[in-house]
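Residue-level structure breakdown
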Amino acid sequence: MKKSNVAFILIGSILGFTNFALAQSQNATNEIKYRRSSLHTMVIESDKFPKKDVVLNAFNNAPFPEKYNDHQIGAKSFNPNNYTLSAEEKATIYKPSKVGKFLTAAAEIKTDSVSKELPIRIQKYLDKEKIANKLVAKWFDRKDDGSFDSRLIEDRGVFNASFLETKSALSSSDGEALLKTAGFELIDNTFVVINKFNFVANEPVARAIRDAAREAAKDTPALLAGKVNKGIDAVYEKTKEGYSIWATSYLYKLVWNEATANTFYTDLYMDKNAVNPKKKLAFDNSDLFKLEFVGDESASGLITFSLSQKRTEDQIIELSTIRIIDNVYAKLQKKYDVFKTKTPLYTGDPITAKIGKKEGLEGGEKFDVLEQIQDPKTGVVTYKSVGTIKVEKDQIWDNNFEDGEQTADAKPTIDRTTFSGGKKFASGMLIKQIK
């Protein structure tokens, strides 16, 4: 039998030995383990803007999204200006307009180059720096000599002790083949989110609007001029404070299909007992691994300050930045099915889960309840919908990021979100939001 086919024939063997509990007691709910998607996050080094260091520091120190495995690979930022586009690449994104006998897109390039070119510049960065290779290398704990091992896959695959003992007893080739099959549920769900921030002081914008309004009102009759100008000034005073912040996040998915996996295991994979310098070099230079663009989402917020607040201006900006990040990630999850997370039910009666406002819940959202099913012949694990539940509007957990400060009039907190939809569900069953 060809080595390249072994991994796919034995796919059921590895998936059949997961240690996932569908129904556990309420006291043991926090010990539930399940296979999460993996995520690497980055930020684009934008041009200078107010409080740039504070915003970027907030991003770098923000809590990692707990519904994903932390798959950071070291590179946290890059400058898109270092990845310029050729004339041919620009021609694919700008619509030409006729000028005599010639076609030109100069005006469009000048006015809208940043937003149109950025996705292609990001892709050039991902390809040139071989980010996909680095993601795969982390999955297999690649060493300096180019060898791989299975420790991370064993951990994230949630294998039980009896399976690992069985694997250790197998011959080396069979043991490797079993581990290779884990990629279909683990490696295939690896994502990169690249974030771009824009931060603008409100006062210059408010002043420009005020001045334009005054200019437009200069011919107002004298009897009304005072009142009109007073109203214009009132709007200016109300809108000049603080900043506006925007975040746009670009979502990419690692391509891990049968052809990619087959080539990797056959031509590039090696363990510490079979180190081959040629295979190491082949992996370093390989263009086998790719990241595909899934889509993008944006979120914005207004940052204002009050004398009654105990936080400093920088602390308020940091808090707002982290909340904007959570907001845009929640939008990505709602919009793109492939990026949606599964969450275990915390309790089955009442139906509760540890998600809330940070995940964008407002009330009325619907979720599928999933039961894990194992094929008795192949051992392959799939998820079957066994019902639908809905978020109760007045029982949503406010899990938005805080810095630990509580106000004197803080209301008793809810530490979970409650759903309606029946009493046939158990803690540990997974739920996934419906579009």
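Given the structure is predicted, the values throughout are model-derived calculations rather than measurements.

Time to look at unusual backbone geometry. Between Asp349 and the following residue, Pro350, the backbone shows a cis peptide bond with an omega angle of 5°. By secondary structure assignment, the location of Pro350 is in the loop between strand S9 (343–348) and strand S10 (351–353). Here the phi dihedral of Lys130 falls at roughly 50°; this positive angle occurs in a residue that is not glycine. Tracing the chain through its elements places Lys130 in the loop between helix H5 (106–128) and helix H6 (131–139). We note that Asp141 has phi near 50°; this positive angle belongs to a residue other than glycine.

Let's shift gears to the nonpolar core. Among the nonpolar cores identified, the biggest contains 34 residues, and Ile122, Phe140, Ile194, Trp256, Phe264 and Leu291 are the most heavily contacted of them. Going through the elements one at a time, strand S1 (38–44), H5, H6, helix H7 (151–156), strand S6 (190–201), strand S7 (243–254) and helix H12 (258–268) are the ones with two or more residues in this core. Residue contributions to this core peak at six residues, all from H6. Filtering out sequence-adjacent residues up to four positions away, Phe140 remains in contact with Phe148, Asp149, Ile153, Ile187, Trp256, Phe264, Tyr265 and Tyr269. Listed in part, the 27 residues of the second largest apolar core include Val55, Phe199, Leu332 and Tyr336.

Throughout the structure, instances matching the rule amount to 18 salt bridges. For Glu313, the salt bridge is made with Lys51, and the minimal N-O distance between the two is 3.5 Å. Taken together, the positions of Glu313 in helix H14 (residues 313–335) and Lys51 in the loop between S1 and helix H3 (52–61) put the pair 262 residues apart, joining distant regions of the chain. You can call Glu313 partly exposed: its relative accessible area is 34%. Take Lys51: its relative accessible area is 28%, and that puts it in the partly exposed class.

Look at H3 against H14: their axes get within 9 Å of each other, and the N-to-C directions meet at 55°. Compared by their axis directions, H3 and H14 come out oblique. Crossing hand, H3 versus H14: right-handed. Mapping the contact onto sequence places Val54, Val55, Asn57, Ala58 and Phe59 in H3 and Asp314, Ile317, Glu318, Thr321, Ile322, Ile325 and Tyr329 in H14.

Looking now at the packing of aromatic side chains. Across all of its chains, the model carries 24 aromatic pairs by this definition. Between the aromatic rings of Phe367 and Phe419, the centroid separation amounts to 5.5 Å while the plane-to-plane angle is 85°, which identifies the pairing as edge-to-face. In this pair, Phe367 sits in strand S11 (residues 366–374) while Phe419 sits in strand S13 (residues 417–420), placing the two residues 52 residues apart along the sequence. The residues Phe367 and Phe419 share a single accessibility class, namely buried. Among the aromatic residues, those joined into a cluster by ring pairs are Phe140, Phe148, Trp256, Phe264, Tyr265, Tyr269, Phe283 and Phe289. The ring of Trp139 has Arg156 lying over it, and the distance from NZ or CZ to the ring centre is 4.9 Å. Taking the ring centre of Trp397 as reference, the NZ or CZ of Lys354 above it sits at 5.2 Å.

Moving on to the side chain of Thr418. Positionally, Thr418 belongs in strand S13. Taking relative accessible area as the criterion, Thr418 reaches 14% and is therefore assigned buried. Not counting the four nearest positions on each side in its chain, Thr418 is found in contact with Ile351, Thr352, Lys390, Val391, Glu392 and Gln395.

Bringing the side chain of Ser244 into the picture now. Positionally, Ser244 belongs in strand S7. By relative accessible area, Ser244 is classed as buried at 15%. Discounting residues that sit within four places of it in the chain, Ser244 has contacts with Asn198, Phe199, Val200, Asn202, Gly301 and Leu302.

A rise of 1.5 Å per residue sets the reference length of helix H10 (residues 202–216), with its 15 residues, at 21 Å; its end C-alpha atoms lie 21 Å apart and thus fit the reference within 8%. Looking at H10, one finds that the buried residues are Asn202, Ala206 and Arg210. The arc that holds the buried residues of H10, viewed along the axis, is 60°, so those residues lie on one side.

Caution is warranted with low-pLDDT regions, since their predicted coordinates should not be read in detail. Taken as a whole, the protein chain shows an average pLDDT of 78; of its residues, 76% reach a score of 70 or greater. Per-residue pLDDT stays below 50 along residues 98–112; that stretch engages in 17 contacts with residues further than four places along the chain or on separate chains. Contacts for the low-pLDDT stretch residues 404–410, under 50 throughout, to residues beyond four places or in other chains number two contacts.

Calculation notes
Residues numbered from 1 in each chain as written. Predicted model: local features only at pLDDT ≥ 70, side-chain atom pairs only at ≥ 80, totals over all residues. Heavy atoms only, no water. Helix = DSSP H or I, 4+ residues; strand = E, 2+ residues; numbered from the N terminus. Core = buried A, V, L, I, M, F, W, Y, C linked by side-chain atoms within 4.5 Å. Buried < 20%, exposed > 50% of the residue type's maximum accessible area, 1.4 Å probe, protein only. Contact = heavy atoms within 4.5 Å. Salt bridge = Lys/Arg side-chain N within 4 Å of Asp/Glu carboxyl O. Axes fitted to C-alpha atoms, helices over the stretch in contact; angles between N-to-C directions. Parallel < 35°, antiparallel > 145°, perpendicular 65-115°, else oblique. Left-handed = near helix turned anticlockwise from the far one by under 90°. Phe/Tyr/Trp six-rings, centres within 6.5 Å; stacked < 30°, edge-to-face > 60°. Lys NZ or Arg CZ within 6 Å of the ring centre and 35° of its normal. Expected span 1.5 Å × (residues − 1). Arc of directions from axis to C-beta. pLDDT = per-residue confidence, 0-100.

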